[in-house]
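Coordinate analysis (summary)
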Amino acid sequence: MTDVTTETRGNTPPRDRRRVVVGSVVGLLTVGASLGTAELAAGLLRTVSPVIAVGDTVVDITPPSLVEAAIDLLGRADKVVLVAGIIAVLLGVGAVLGTASLRRPVVGYTGLAVFTAVGLAAVLPHRSDDPGAPVPVLVGAVAGALALALLVRSARGTLRPEADSGPQGMGGSRTPADAEEAPAPPAAGPDRGPGRRGFVLTAAGVLAVSGTAGVLGRLLPTLGGGAGSRSALALPPAANPLPPLPAATELGVPGLTPFTTPNREFYRIDTALTVPRLDSTRWTLRVHGMVDRPFEIDMDELLAEELVEADITMTCVSNQVGGDLAGNSRWLGFPLADLLRRAGVQSGADQILSTSDDGWTCGTPTEVVMDGRDALLAVGMNGEPLPHAHGYPARMVVPGLYGFVSATKWVTDIKLTRFADEQAYWAQRGWAVRAPIKTMSRVDVPAPLSRVDAGEVVLAGVAWAQHRGVDAVEVRVDGGEWQRAELAAVPGIDTWVQWVAETTVEPGQHSVEVRATDATGATQPAERVDPVPDGATGWHSIRFTAE
Ligand SMILES: Nc1nc2c(c(=O)[nH]1)N[C@H]1C(S)=C(S)[C@@H](COP(=O)(O)O)O[C@H]1N2
Ligand SMILES: [Mo]
């Protein structure tokens, strides 16, 4: 950094530049103190972080087309970029207000009051059922005000030596606080001496305290351990456990997608900026709306019910041809149909409108859930409680429907209603209301653009047509004849199936295409259709080189 005491750039006197630097530091640290302590309070109270709540609000009020463009552009980094953007704006505004606050602290306090109002506005509708939700915002406001008072006071100490020479810039208004403090300019000059040291120490102190608070606040919720945490939840066995999966579900081809997706590798899709971490002892599910007997159920009551198991492959409607937004699990849960029968669904209630703890909504056709398929209020995934990222402590899973119309994670509310009366989150944004999963198949082996030895080549992949079942998979090489692939075993019609085929190729470039036929006899159409509004179609094809 250049020495501001010996150099003057443009028309800005060096003292004013120093004032800007010191003021910016005051503003940045004030914002930091607010955010850090607010995170700590949110972590301690297990309530929503104000920054995340503001982020959610930004997503909510941004036009959906813009949100989708951002997701396209940023992919999985979209959430990080949004949160970083909000923090950057806060710090930027903080830096500007900080400079003004050196002369008029009221500017800083007004800024804090505005931030507090924005924070409260974001947090209140977010968790209307959580009385602790506003507390982090208020804690942040108080901590910010304290930090501002301390920092302004010591900043004036560091700026004082030359500051007595008269009015400057904005009219040189001096506040009473200026007058109260002892002048005593240090002989060593403006950039040294006790004034400066005092400011640096105060600033370092504020930075250390807010940094520690912020880090602690983010770590606390991930430590878990207490009653209600995921590690403390003991799942009962299913009333009628399923037999183990037949070994023949796995063809054992290297590079082929495993039949069971490990929980850690299961795709994650949701609108949540950070993974909600719910407490199972506080969780309840309300079933209401067009029902005869509305009720609420908590986790103890749910786990005391007769739970069932089901093998179900979930798929996201946004999955592109050849994409990997699908995963297969053995789920443990309570049949949604039994839950609805207990409530007594009234006629005309054609929509199950489910809401997650973070306010996302989902509309599922009532008749699909009631038609006898294994639609579940799930609590377990591959023998464990649901991971937080996949809906702990409870989510919906409905075989045969894309996730956005069926698979509400962190579900806390189920309302029976009419499609004509209420629209769910993605329906409001132009996606379909009824969205059965379309038949799809994928080539995993050889990997796209890989090199293999010429001669005999193994082709393998997966195909799905949930709740109809896959009858056949065909492949063709270099646009030749369609050839029937061999199918692995499946436990039922609600999962994907592995397929394998063999071919012989000469050295050179080759292509492989695949298509599946479901149990109704319908073959996947060749026509490429985009995921919007109800799922992609088209044959997956890959290229590889034999040598
Ligand atoms: N609360 C909540 N649940 C949700 C979503 C969401 O945004 N919020 N997204 C849905 C979508 S679009 C899909 S494809 C599945 C994905 O579930 P997974 O992340 O466990 O794979 O969750 C569904 N459930
Ligand atoms: Mo999805």
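The preceding data block contains the structure.
Cut-offs and rules
Residues numbered from 1 in each chain as written. Chains lettered and ligands numbered in written order. Predicted model: local features only at pLDDT ≥ 70, side-chain atom pairs only at ≥ 80, totals over all residues. Heavy atoms only, no water. Axes fitted to C-alpha atoms, helices over the stretch in contact; angles between N-to-C directions. Helix = DSSP H or I, 4+ residues; strand = E, 2+ residues; numbered from the N terminus. Parallel < 35°, antiparallel > 145°, perpendicular 65-115°, else oblique. Contact = heavy atoms within 4.5 Å. Nonpolar A, V, L, I, M, F, W, Y, C, P; charged D, E, K, R; others polar. Left-handed = near helix turned anticlockwise from the far one by under 90°. Pairing = 2+ DSSP bridges. Core = buried A, V, L, I, M, F, W, Y, C linked by side-chain atoms within 4.5 Å. Buried < 20%, exposed > 50% of the residue type's maximum accessible area, 1.4 Å probe, protein only. Near = heavy atom within 4 Å. Polar contact = N/O pair within 3.5 Å; in protein donor to acceptor, adjacent residues only side chain to side chain. Areas by Shrake-Rupley, 256 points an atom, 1.4 Å probe, with all protein chains shown as cover. Expected span 1.5 Å × (residues − 1). Phe/Tyr/Trp six-rings, centres within 6.5 Å; stacked < 30°, edge-to-face > 60°. Arc of directions from axis to C-beta. Patch = residues over 30% accessible without salt bridge, like charges linked within 9 Å, V, L, I, M, F, W, Y side chains within 5 Å. Salt bridge = Lys/Arg side-chain N within 4 Å of Asp/Glu carboxyl O.

1. A word on the packing of helix H2 (residues 50-61) against helix H4 (residues 78-103)
- Packing of H2 against H4 leaves a shortest axis separation of 10 Å and a crossing angle of 110°. With respect to H4, the axis of H2 lies roughly perpendicular. Counting all contacts with H2, which are made through Val51, Ile52, Val54, Gly55, Val58 and Val59, the residues of H4 involved are Leu82, Val83, Ile86 and Ile87.
- Partitioning the contact of H2 with H4 into residue classes produces nine nonpolar, one polar and no charged.

2. Overview of the packing of helix H1 (residues 14-45) against H4
- Across the interface, H1 lies against H4 with an axial gap of 6 Å and an inter-helix angle of 130°. The angle between the axes of H1 and H4 places the two elements in the oblique class. As for how H1 packs across H4, the hand of that crossing is right-handed. Along the contact surface, H1 presents Asp16, Arg19, Val20, Val22, Gly23, Ser24, Val26, Gly27, Leu28, Val31 and Leu35, while H4 presents Ile87, Leu90, Leu91, Gly94, Ala95, Gly98, Thr99, Leu102 and Arg103.

3. Quick look at the sheet that holds strand S11 (residues 440-445)
- Spatially, S11-S13-S17-S16 is the arrangement adopted by the four strands of the open sheet, whose pairing is antiparallel. Each edge of the open sheet is held by one strand with a lone partner, namely S11 and strand S16 (486-487).

4. Points about the nonpolar core
- With 77 residues, the main nonpolar core has Leu285, Trp331, Leu336, Leu339 and Ile414 as its most contacted residues.
- No other element matches strand S7 (residues 376-381), which puts five residues into this core.
- Within the second largest apolar cluster, 21 residues are counted, among which are Val443, Val470, Val475 and Val505.

5. Quick word on the site of ligand 1
- What surrounds ligand 1 is a group of 19 residues, the closest being Tyr267, Thr271, His390, Arg395 and Lys409.
- Contact between ligand 1 and Thr271: an oxygen atom at 2.9 Å from a main-chain N or O atom of the residue.
- Taking 530 Å² as the accessible area of ligand 1 by itself, protein coverage stands at 99%.
- Of the residues that constitute the shell around ligand 1, the class distribution is nine nonpolar, five polar and five charged.

6. Looking at H1
- For H1, built from 32 residues, the straight-helix expectation of 46 Å at 1.5 Å per residue is met to within 8% by its first-to-last C-alpha distance of 46 Å.
- Trailing H1 by a residue or two, Arg46 shows a phi angle of about 55°, which is positive.

7. Here's the deal with the sheet that holds strand S18 (residues 508-518)
- Reading across from one edge, S12-S19-S18-S14-S15 is the order of the five strands in this open sheet, with mixed pairing throughout. A single partner strand is all that each edge strand has here, and the edge strands are strand S12 (451-452) and strand S15 (483-484).

8. Focus on unusual backbone geometry
- In this structure, Pro393 follows Tyr392 across a cis peptide bond, with omega equal to 5°.
- Within the fold, Pro393 resides in the loop between strand S8 (384-385) and strand S9 (395-397).
- Cis geometry is adopted by the peptide bond preceding Pro533, which originates at Val532 and carries an omega value of 0°.
- Tracing the chain through its elements places Pro533 in the loop between S18 and strand S19 (540-546).
- The residue Arg46 is not glycine, and still its phi comes out positive at about 55°.
- For Leu449, which is not a glycine, the phi torsion comes out positive at approximately 65°.
- Relative to the helices and strands, Leu449 resides in the loop between S11 and S12.

9. Remarks on the packing of aromatic side chains
- Tallied over the entire structure, the rule returns seven aromatic pairs.
- Ring geometry for Trp464 versus Trp496: centroids 6.1 Å apart, planes at 40°, classification tilted. Of this pair, Trp464 sits in strand S13 (residues 455-464) while Trp496 sits in the loop between S16 and strand S17 (497-505); the two residues are 32 residues apart in sequence, bridging distant segments of the chain.
- In this structure Trp464 comes out as buried when scored by relative accessible area, which is 1%.
- Judged by relative accessible area, Trp496 falls into the buried class, the value being 1%.

10. Side note on the pairing of strand S2 (residues 295-298)
- Of the two faces of S2, the one holding Phe295 and Ile297 is buried and the one holding Glu296 and Asp298 is not buried anywhere.
- In terms of strand pairing, strand S1 (residues 284-289) meets S2 through four bridges, oriented antiparallel. Bridge pairing in S2 places Val287 opposite Phe295.
- Between S1 and the antiparallel strand that follows it, S2, lie five residues.

11. Notes on the pairing of S7
- Burial within S7 is extensive, with six of its six residues counted as buried.
- The sheet contact formed by strand S4 (residues 326-335) and S7 spans five bridges and is antiparallel. Bridge pairing in S7 places Leu332 opposite Gly380.
- The pairing of S7 with S8 spans two bridges and is classified as antiparallel. Each residue of the ladder has a partner; that of Met381, found in S8, is Glu384.
- Connecting S7 to the next strand, S8, in antiparallel fashion are two residues, including Asn382 with a positive phi near 55°.

12. Describing helix H10 (residues 336-343)
- When H10 is considered as a whole, its buried residues turn out to be Leu336, Ala337, Leu339, Leu340 and Ala343. Mapping the buried residues of H10 onto a view down its axis gives an arc of 160°, with all of them on the same face.
- Looking one or two residues past H10, Gly344 carries a phi angle of roughly 75°, positive in sign.

13. Brief notes about a nonpolar patch on the surface
- Taken together, the side chains of Leu44, Leu45, Val135 and Val139 define a hydrophobic patch exposed on the protein surface, amounting to about 300 Å² of accessible area.
- At the level of secondary structure, the elements contributing two or more residues to the nonpolar patch comprise H1 and helix H6 (135-163).
- Its location among the elements puts Val139 in helix H6.

14. Structural notes on the pattern of salt bridges
- All chains considered together, the criterion is met by 18 salt bridges.
- Of the charged contacts in the structure, one is a salt bridge between Arg330 and Asp311, with a shortest N-O distance of 2.9 Å. Remark: Asp311 occurs in strand S3 (residues 308-315) and Arg330 occurs in strand S4; sequence separation between them is 19 residues. Here the two residues Arg330 and Asp311 agree in accessibility, since each one is buried.
- Between Arg515 and Glu474 there is a salt bridge, with its nearest N and O atoms 2.9 Å apart.

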